[in-house]
Amino acid sequence: MSTYAVSYTYTDDVATRDEVRPSHRDFLRALLADGVLRASGPVDGGVGALLVIEAESADAALAVLDPDPFALRGLVAERGARQWDVVIGGFAE
């Protein structure tokens, strides 16, 4: 497994994002419990998010997030995954 930094950029639909946020966070907590998600949280004042995912490939890291309620409701305008080779710090192995 490798570590991937996945970035989300949200749409401007803040009202729907607020409505869906509890199910989005429940989804992420399940990924955390499964050892797939290492960390997540909003960036840049909430216009997007950074998620640290353990996966076999960038495509697999994105695929695991396909069922995210934010994605299913069309609240993620853009997303991308970059492999992150952590050598120092809490995520280093």
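Each remark here, short or long, concerns the structure printed above.
Residues numbered from 1 in each chain as written. Predicted model: local features only at pLDDT ≥ 70, side-chain atom pairs only at ≥ 80, totals over all residues. Heavy atoms only, no water.

Colleague: Break down unusual backbone geometry for me, with residues and values.
Modeller: Working note: non-glycine residues mostly have negative phi, and peptide bonds are mostly trans. Look at Asp-44: it is not a glycine, yet its phi comes out positive at around 50 degrees. In this fold, Asp-44 is placed in the loop between strand 2 (37-43) and strand 3 (48-55). The exposure class of Asp-44 is exposed, given its relative accessible area of 67%. (Helix = DSSP H or I, 4+ residues; strand = E, 2+ residues; numbered from the N terminus. Buried < 20%, exposed > 50% of the residue type's maximum accessible area, 1.4 Å probe, protein only.)

Colleague: Residues and numbers for the sheet that holds strand 3, please.
Modeller: Read across the open sheet, the 4 strands follow the order 2-3-1-4; overall the sheet is antiparallel. Either end of the sheet is taken by a strand with one partner, and the two such strands are strand 2 and strand 4 (76-83). Pairwise comparison of adjacent strand axes, ignoring direction, gives a mean angle of 20 degrees for this sheet. Across 8 bridges, the pairing between strand 1 (residues 2-10) and strand 3 is antiparallel. (Pairing = 2+ DSSP bridges. Axes fitted to C-alpha atoms, helices over the stretch in contact; angles between N-to-C directions.)

Colleague: Quick rundown of the nonpolar core? Include the residues and the values.
Modeller: By size, the foremost hydrophobic cluster in this structure holds 20 residues, and its most contacted members are Val-6, Tyr-8, Leu-28, Leu-31, Leu-51, Ile-53 and Leu-65. Looking at this core, the elements with two or more residues in it are strand 1, helix 1 (14-33), strand 3 and helix 2 (58-64). With near-sequence residues (within four places) excluded, Leu-51 lies in contact with Tyr-4, Ala-5, Val-6, Tyr-8, Leu-28, Leu-37, Ala-39, Ser-40 and Leu-65. (Core = buried A, V, L, I, M, F, W, Y, C linked by side-chain atoms within 4.5 Å. Contact = heavy atoms within 4.5 Å.)

Colleague: If you had to explain the packing of aromatic side chains to someone new, which residues and values would you point to?
Modeller: Throughout the structure, instances matching the rule amount to 2 aromatic pairs. Ring geometry for Tyr-8 versus Tyr-10: centroids 6.1 Å apart, planes at 70 degrees, classification edge-to-face. Between Tyr-10 and Phe-70, the aromatic rings sit 5.4 Å apart at their centres with planes inclined by 90 degrees, giving edge-to-face as the arrangement. Placement of the pair is Tyr-10 in strand 1 and Phe-70 in helix 3 (residues 69-72), with a sequence separation of 60 residues. Given a relative accessible area of 10%, Tyr-10 falls into the buried group. Connected via pairs of aromatic rings, a cluster forms that spans Tyr-8, Tyr-10 and Phe-70. (Phe/Tyr/Trp six-rings, centres within 6.5 Å; stacked < 30°, edge-to-face > 60°.)

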